[in-house]
Amino acid sequence: MQLSSAHTIMISRKIRRQDQGIIMELPFTLPDHVADLTVDLKPTWSPPYVVDFGVADPSRIRGWSGGARYNCHISRFQATHGYLPGPLNKGIWSILLGLYRLPPESFDIEVTITWRQFCPQWVKGDLHVHTLHSDGSWTVDETLDRVAKAGLDFVALTDHNTSSQNLSAHKPSSLIIVPGMEWTTYHGHANIFGVPDPLPDWRVANNDDFDEKLASVRAQGSYVSINHPFDTSQPGISWEWGLDRKTWVEIWNGPWRPSNQAAVDWWQTQLCKGRHLVAISGSDTHGPSTLVHHGQPTTWVWVPTPDTGSILSAINDGHVFITQDSYGPELSMHCGPYIVGDTVTESKNSTVEIQVQKVLPQDRIRLISQRGVEMEAMIDDSTWQLRYSIADQMFIRVEIHRYRQDWEFWLPILISNPIYFTQETGDES
Ligand SMILES: [Zn+2]
């Protein structure tokens with residue numbers, strides 16, 4: 001995770017004998033997006049006198065070490081003994097000083113408070129993973145270990161028609177865990193993200209029943225994707241239910257194959273109709289396999305802060321691109337302040353700046369609009385960049401392909417969501 005440089009403040013206070021017996025608060029303000037916090041107090045008193053020490057966040061006492069220690073470190077995943085790990089919410093925090101036994105003469109104390117903030121960044125993850133809670137081979141903890149080793153930041157546990165994987169205790173992990181469930185019907189599969197137990201009865205009788213259940217999971221704050229919508233390798237797994245414009249589409253499921261290309265082709269026709277459908281990916285890993293692996297493909301999401309809520313909300317805004325694995329390539333694509341998923345208004349004569357890294361010479365990059373391929377180039381280095389002027393495009397998205405000699409086939413290694421453009425003629429959905 002990318003963090004800002006450390007920000008330090010000091011608070012000084014004179015402690016007087018007459019304050020003995022109170023728990024004094026030294027307030028300080030923590031900004032948004034804080035990743036970790038360190039508080040340090042150097043004792044300026046000696047036994048038998050005692051000052052106790054603790055920290056309160058805006059809503060509760062976050063930890064207390066009494067007279068045992070005078071420093072603590074708190075982050076989302078870990079904390080000093082006696083302190084609770086978890087989000088470091090913005091607002092008024094306090095150093096707590098328990099003035100238990102004070103010397104007769106007054107003395108000064110000084111507390112040093114240091115924090116680092118998350119930078120806006122790309123986080124990468126796998127949005128489609130099975131465990132022993134359905135037909136996967138590994139426990140949740142084994143799965144998390146494997147996902148972390150694949151170089152990912154987040155994972156959604158999407159077992160078939162069950163929530164028990166979300167409710168089982170996980171050992172501490174640096175991964176951001178997205179609650180998930182693969183709603184598995186005999187007429188298509190959909191992932192439900194963000195709510196630990198979104199659908200107590202997942203059976204679907206007919207179209208009306210499907211619409212009702214979809215509305216109920218959305219009302220709880222879930223996000224929904226349709227999975228492998230054109231996969232006909234088994235009966236009933238391609239998508240036959242309806243689709244609303246809020247639904248994400250898994251255009252890249254596991255290893256690249258014709259059903260993924262069919263999903264991309266269908267997605268392109270929807271984009272041409274002005275529908276801003278968000279494209280995502282998932283490996284659909286179940287267990288040991290020569291072809292299917294965690295993070296293949298990888299979904300990259302641009303977030304202000306790396307947590308479940310920010311990831312889901314950023315995906316819903318289309319701030320997403322997909323690569324063959326967690327290594328890359330990496331894409332930077334913007335039009336002024338707008339990035340993939342955004343709509344640029346008054347876009348005539350604006351310029352899209354594209355930079356790709358971790359590519360190879362002979363990789364092929366394509367810019368695609370509603371007219372199809374607008375521009376194609378062979379990459380000649382490990383990085384590549386372009387400034388591209390917008391005329392009447394409804395959207396521009398990027399695909400990068402690599403030729404596989406052994407398969408004699410151009411394989412996608414990156415697919416981005418589009419930047420959308422609104423022209424004066426007004427074709428915005
Ligand atoms: Zn499925």
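In this text, all values refer to a predicted model and were calculated from it rather than measured experimentally.

Quick notes on the pattern of salt bridges
For the structure on display, the rule yields 15 salt bridges. The salt bridge involving R116 is made with D36; its shortest N-O contact spans 2.5 Å. Taken together, the positions of R116 in strand β8 (residues 107-117) and D36 in strand β3 (residues 34-41) put the pair 80 residues apart, joining distant regions of the chain. Here R116 falls in the partly exposed class, since its relative accessible area comes to 32%. Assessed through its relative accessible area of 8%, D36 is described here as buried. Between R366 and E376 there is a salt bridge, and its shortest N-O distance comes to 2.8 Å.

Thoughts on the sheet that holds strand β6 (residues 71-75)
Taken together, the four strands give an open sheet; going across it, the order is β1-β8-β3-β6, and neighbouring strands pair in antiparallel fashion. The open sheet has two edge strands, β1 (7-15) and β6, and neither has a second partner. In this sheet, neighbouring strand axes are inclined to one another by 15 degrees on average, regardless of whether the strands run parallel or antiparallel. With seven bridges connecting them, β3 and β8 associate as antiparallel partners. Across the sheet, the residue bridging to V34 is Q117, located in β8.

Quick word on a nonpolar patch on the surface
Among the surface-exposed residues, I23, I61 and W64 lie close enough to one another that they form a single nonpolar patch of about 310 Å² accessible area. Within the secondary structure, I61 is located in strand β5 (residues 61-66). Its relative accessible area of 49% is what places I61 among the partly exposed residues.

With respect to the coordination of the zinc ion
Each protein donor to the zinc ion is listed here as E182 (OE), H189 (ND1) and H228 (NE2); together their distances run 2.1 to 2.3 Å. Each donor residue of the zinc ion belongs to the same chain, and together they define the spacing E-x6-H-x38-H. With E182 in strand β11 (residues 176-185) and H228 in the loop between β13 (223-226) and β14 (248-253), this residue pair connects regions lying 46 residues apart in the sequence. H228 gets classed as buried once you look at its relative accessible area, which sits at 6%.

Regarding the domain arrangement of the protein
Splitting the protein by domain gives domain 1 (7-117) and domain 2 (121-421). Here the C-alpha centre of domain 2 lies 43 Å away from the C-alpha centre of domain 1.

Quick look at the sheet that holds strand β4 (residues 50-56)
Across the sheet, four strands lie side by side as β2-β7-β4-β5; this open sheet has antiparallel pairing. The open sheet has two edge strands, β2 (23-30) and β5, and neither has a second partner. When strand polarity is set aside, the average angle formed by the axes of neighbouring strands in this sheet is 20 degrees. Two elements, β2 and strand β7 (residues 91-101), share eight bridges in a ladder whose sense is antiparallel. The residue bridging L30 from the neighbouring strand is G91, located in β7.

Criteria and thresholds
- Residues numbered from 1 in each chain as written.
- Predicted model: local features only at pLDDT ≥ 70, side-chain atom pairs only at ≥ 80, totals over all residues.
- Heavy atoms only, no water.
- Salt bridge = Lys/Arg side-chain N within 4 Å of Asp/Glu carboxyl O.
- Helix = DSSP H or I, 4+ residues; strand = E, 2+ residues; numbered from the N terminus.
- Buried < 20%, exposed > 50% of the residue type's maximum accessible area, 1.4 Å probe, protein only.
- Pairing = 2+ DSSP bridges.
- Axes fitted to C-alpha atoms, helices over the stretch in contact; angles between N-to-C directions.
- Patch = residues over 30% accessible without salt bridge, like charges linked within 9 Å, V, L, I, M, F, W, Y side chains within 5 Å.
- Areas by Shrake-Rupley, 256 points an atom, 1.4 Å probe, with all protein chains shown as cover.
- Donors = N, O, S within 2.8 Å, 3.2 Å for Na, K, Ca; no water.
- Domains from an automatic or database assignment.

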